[in-house]
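Observations on the three-dimensional arrangement
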Amino acid sequence: MKIICIGRNYAEHAKELNNPIPDEPVIFIKPDSAIIQKDNPFYYPDFSKDIHHEVEIIVKISRVGKNISKQFAHKYYQEIGIGIDFTARDIQTKCKTKGLPWELAKGFDGSAPIGRFINKNTFTDLKDINFHLDINNTTVQSGNTGMMLNSIDDIIAFASSYFTLKKGDLIFTGTPKGVGPVKIGDVLKAYIEDQQLLKVEVK
Ligand code: ZN
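Now for a quick tour of the structure. (Residues numbered from 1 in each chain as written. Predicted model: local features only at pLDDT ≥ 70, side-chain atom pairs only at ≥ 80, totals over all residues. Heavy atoms only, no water.)

Some thoughts on the overall build of the protein chain
As a reminder of what qualifies: A run of H or I in DSSP counts as a helix once it spans at least four residues, and a run of E counts as a strand once it spans at least two, with each numbered from the N terminus. All radius of gyration figures rest on C-alpha atoms, and the globule criterion is 2.2 Å times the number of residues raised to 0.38. Should any heavy atoms of two residues lie within 4.5 Å, those residues are counted as being in contact. All accessibility values rest on the Shrake-Rupley procedure with a 1.4 Å probe; residue burial counts only the protein chains present in the view.
Along its length, the protein chain carries 4 helices and 15 strands. A compact globule built from 203 residues should have a C-alpha radius of gyration of about 17 Å, and the protein chain, at 16 Å, falls within 12% of that. Taken over the C-alpha atoms alone, the protein chain extends approximately 45 × 40 × 30 Å along its principal axes. Sequence separation of 24 or more characterises 76% of the internal contacts of the protein chain that already satisfy a separation of 6 or more. In the form shown here, the protein chain has an accessible surface area of approximately 9,600 Å², with 50% of it arising from carbon and sulfur atoms.

Describing the nonpolar core
Nonpolar side chains in soluble globular proteins tend to be buried together. Keep this limit in mind: As used in this record, nonpolar core signifies buried Ala, Val, Leu, Ile, Met, Phe, Trp, Tyr and Cys residues forming a set joined through side-chain atoms within 4.5 Å. Only protein chains enter the accessibility calculation, which uses a 1.4 Å probe; a residue whose area is less than 20% of its type maximum is buried, one above 50% is exposed, and one in between is partly exposed.
Core analysis: the largest hydrophobic core is formed by 57 residues, its most contacted members being Ile 156, Leu 188 and Ile 192. In terms of residues, this core owes the most to one element, strand S5 (residues 55-61), which gives 5 residues. Leave out the neighbours within four places in its chain, and Ile 192 touches Ile 57, Ile 80, Gly 81, Ile 82, Ile 118, Phe 123, Ile 129, Asn 130, Phe 131 and Leu 197.

Re the sheet that holds strand S13 (residues 180-181)
Note the following rule: When DSSP finds at least two bridges between two strands, those strands are taken to pair.
The antiparallel open sheet is built from 3 strands, whose spatial order is S7-S4-S13. A single partner strand is all that each edge strand has here, and the edge strands are strand S7 (87-88) and S13. As defined by bridge partners, strand S4 (residues 51-53) adjoins S7 across 2 bridges and the pair is classed as antiparallel. Its bridge partner lying in S7, His 52 is registered against Thr 87.

Digging into the state of the cysteines
Let me state the cut-off plainly: What counts as a disulfide here is a pair of cysteine sulfur atoms lying within 2.5 Å.
What the rule picks out here adds up to 0 disulfides. No disulfide involves Cys 5; its nearest neighbouring cysteine sulfur is the one of Cys 95, lying 15 Å away.

Here we look at the coordination of the zinc ion
Basically, it comes down to this: Sodium, potassium and calcium take a 3.2 Å donor cutoff, other metals 2.8 Å, and in both cases only N, O and S atoms count; water is not among them, so sites may look incomplete.
Distances from the zinc ion to its protein donors, Glu 54 (OE), Glu 56 (OE) and Asp 85 (OD), fall at 1.9 to 2.1 Å. One chain supplies every donor for the zinc ion, spaced along it as E-x1-E-x28-D.

Some points on helix H4 (residues 152-159)
The buried fraction of H4 is high, at 7 of 8 residues. Where H4 is buried, its residues meet strand S1 (3-7), strand S2 (26-30), S5, strand S6 (77-84) and strand S12 (170-172).

Description of a negative patch on the surface
In plain terms, the rule: Any residue with relative accessible area above 30% and no salt bridge may belong to a patch, with like charges joined within 9 Å and the nonpolar Val, Leu, Ile, Met, Phe, Trp and Tyr side chains within 5 Å. Within this document, salt bridges are pairs made up of a side-chain nitrogen of Lys or Arg and a carboxyl oxygen of Asp or Glu, the two lying within 4 Å of each other. Positive charges are assigned to Lys and Arg, negative charges to Asp and Glu, while His and the chain termini are left out of the count. A charged residue contributes its charge at one atom only: NZ of Lys, CZ of Arg, CG of Asp or CD of Glu.
Negative charge collects at one region of the surface, where Asp 125, Asp 128, Glu 193 and Asp 194 lie side by side. Turning to its location among the elements, Asp 125 is positioned in the loop between strand S9 (118-119) and strand S10 (130-135).

Regarding the environment of Asn 19
So the rule is basically this: Throughout this description, a polar contact denotes any pair of N or O atoms lying within 3.5 Å of each other; where both atoms belong to protein, one of them has to be capable of donating a hydrogen while the other can accept it, and for residues adjacent in sequence the pair is counted only when both atoms sit in side chains.
Among the structural elements, Asn 19 can be located in the loop between helix H1 (11-16) and S2. Classification of Asn 19 as buried rests on a relative accessible area of 15%. Along the backbone, Asn 19 and Arg 8 are 11 residues apart, and their C-alpha atoms lie at a distance of 7.8 Å. Setting aside its immediate chain neighbours within four residues, Asn 19 contacts Arg 8, Ala 14 and Lys 96. Within polar-contact distance, the side chain of Asn 19 engages the side chain of Arg 8 at 3.3 Å.

So yeah, pure geometry; function would need other evidence.
Rendered as structure tokens:
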């Protein structure tokens, strides 16, 4: 399986990193070795001194599809979850300056903790889902899917014109503002509405 991620999908987050609002989705991919499941810990890697949290709504693809039109995109997912797109910001900044790809900054082992998934029918409106991230019980990021520049269906339509989507693939839909560093000992908890779906300790 693969993890498709979208960058700069919330205007306020693009602004906080001094990035322009993109005119088409910024896409990158993480390998499956990036995944952490079942509330297992994240081990701080020794190649970075500035790992940032980015809490994001995740969509799990439920059937194979290619060139999916926006109109039919909703037929390709049943479950929504929450995860963290851990980013080695120091490495990413270096890559950006040199115009190099982001994989080392985004795709390393453990860079994609994912929580439990819930059926999308639980929500009355997928464009009005509140989510937030707490670190050591203080809220550091909160967002609403209505603030996405590209909706879930937009992302599926765009990404599937380049990549065949397969059952089990995950889509990270971008982070709202409030990203920042984590340190060893931090306990991160991610929530959709009031439901805690993910916990990860930094070790
Ligand atoms: Zn992200």
